[in-house]
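Results of the structural survey
One letter stands for each residue in the lines below.
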Amino acid sequence: FEAKPVSVGDGAPRVLDARTAFVMDSMLQEVTKTGTAASARPKLGRSDIAGKTGTTNESHDAWFAGYNPKVVAIAWIGFDKPASLGDRETGGGLALPMWMSYMDIALKNVPQESRQVPEGVSVMSKMFDRVALIGIGLIGSSLAHVMRKKGLAGEITGYARSETTRSKAMELGLVDRIFGSAAEAVKDADLVILCSPVGTYGALAEEINPALKAGAI
């Protein structure tokens, strides 16, 4: 017996605004252009892939979640009983090669697809006047680097609890301003990106919600 998978059709309800999806997809494409998964494009010979590497504290887990318009795949590596994979091990170094090996086969002979810009989005050098990054760790700093390089934001603000992290972020030029309050960081921001551990999202959402300007993404 072989089950027939259910296909999502054009009539499926949209759960994410097309503009938001396009912007996030554009950022995730940058990961495979200039970020921690930059080796994927030349390896696969494709420009329509995107994704994000991930590494947990003490390198207990490493993964890469990536996709193109037709195929989504996630590669993970770790121990059944949590233990460090090594001091310098990351998702880009361990999981990404597995993902590329799979996608090399899965996308063989699959035509490349370009993204269509949705109505309401203008492609320009500066997409946002102000972007707030809530958390300046590996993910936040990677996004800040891409935005700086591409000139996607007029101003980048950040939030970090640690004074040491705040000082380092300013020293490296990752942000224009950084705060110890998430609510202060998102003030007047056009785009807010949560770059902190998933377990903190609830508390952060409660803190920043009153401070978000109307129309912020």
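The rules behind these values
Residue numbers here run from 1 along each chain, matching the order of that chain's written sequence. Where local features are concerned, this predicted model is filtered to residues with pLDDT of at least 70; where side-chain atom pairs are given and counted, the filter is 80 or more; whole-chain, interface and lining totals use all residues. Neither water nor hydrogens contribute to the side-chain values; these are computed over all heavy atoms in the structure. Put simply, DSSP H or I for four residues or longer makes a helix, DSSP E for two residues or longer makes a strand, and each gets a number counted from the N terminus. Here the radius of gyration uses the C-alpha set of atoms, whereas the globule reference equals 2.2 Å times the residue count to the power 0.38. Only protein chains enter the accessibility calculation, which uses a 1.4 Å probe; a residue whose area is less than 20% of its type maximum is buried, one above 50% is exposed, and one in between is partly exposed. pLDDT measures how confident the predictor is about each residue, on a scale from 0 to 100. For the purpose of counting charges, residues Lys and Arg are taken to be positive, whereas Asp and Glu are taken to be negative. His and the chain ends are not included. Take a side-chain nitrogen of Lys or Arg and a carboxyl oxygen of Asp or Glu: if they are within 4 Å of each other, that pair is a salt bridge. As used in this structure description, the phrase polar contact means that two N or O atoms lie within 3.5 Å; if the pair is within protein, one of them must be able to donate a hydrogen and the other to accept it, and residues adjacent in sequence are counted only when both atoms belong to side chains. Only heavy atoms matter for contacts: two residues are in contact if any of them lie within 4.5 Å across the pair. The rule for pairing is simple: two strands pair if DSSP sees at least two bridges between them. Fitting a line to C-alpha atoms yields each axis, with helices limited to the stretch in contact; the angle taken between N-to-C directions then spans 0 to 180 degrees. Note that bend, as reported per residue, equals the angle between axes fitted to the 7 residues terminating at that residue and the 7 residues originating from it. Within 6.5 Å between ring centres, the rings of Phe, Tyr and Trp (the latter by its six-membered ring) count as paired, and their orientation is classed by plane angle as stacked under 30 degrees, edge-to-face over 60, tilted in between.

Things to note about the overall build of the protein chain
A tally of helices and strands in the protein chain yields seven helices and seven strands. Element order for the protein chain, N to C, with α for helix and β for strand: α-α-β-β-β-α-β-α-β-α-β-α-β-α. Taking 217 residues into account, the globule formula puts the C-alpha radius of gyration at 17 Å, and the protein chain, at 19 Å, falls close to it. Overall size of the protein chain, expressed as C-alpha extent along the three principal axes, is 55 × 45 × 35 Å. Every one of the 217 residues in the protein chain was classed for burial, and the buried ones make up 36%.

Description of the confidence of the model for the protein chain
In this model, the protein chain carries an average pLDDT of 89, and 95% of its residues clear a pLDDT of 70 or more. The lowest-confidence element of the protein chain is helix α4 (residues 138-150), averaging 86 in pLDDT; the highest-confidence one is strand β3 (residues 72-78), averaging 96.

Things to note about the side chain of Lys52
Take Lys52: it is sitting in strand β1 (residues 50-55). At 12 Å, Glu30 is the nearest oppositely charged side chain to Lys52, a buried residue that forms no salt bridge. There is a polar contact of 3.4 Å between the side chain of Lys52 and the side chain of Thr53. Once residues within four sequence positions are removed from consideration, Lys52 is found in contact with Leu28, Val31, Thr36, Trp63, Phe64, Ala65 and Ile139.

Examining the sheet that holds β1
Taken in spatial order, the three strands make up an open sheet running β1-β2-β3, and their pairing is antiparallel. Strands at the two margins of the open sheet, each flanked by one partner only, are β1 and β3. Shown here is a sheet whose adjacent strand axes are inclined to one another by a mean of 5 degrees, direction ignored. Pairing analysis gives six bridges linking β1 to strand β2 (residues 61-67), with the strands arranged antiparallel. Considered in β2, the bridge of Thr53 is made with Phe64. Relative to β2, helix α3 (residues 91-106) is tilted by about 40 degrees, and along the sheet it contacts β1, β2 and β3.

Some words on α3
Along its length, α3 shows its largest kink, about 25 degrees, at Pro97. Of all the residues in α3, the buried ones are Gly91, Ala95, Leu96, Trp99, Met100 and Met103.

Details of the packing of aromatic side chains
Two measures describe an aromatic ring pair: the distance that separates the ring centres and the angle between the ring planes. Tallying each qualifying case throughout the model produces one aromatic pair. Seen in terms of ring centroids, Phe64 and Trp99 are 4.8 Å apart; in terms of plane orientation they differ by 75 degrees. Their pairing is edge-to-face. A residue pair is termed long-range when its members are at least 10 positions apart, and Phe64 in strand β2 and Trp99 in helix α3 qualify at 35 residues. Using a relative accessible area of 1% as the deciding quantity, one classes Trp99 as buried.

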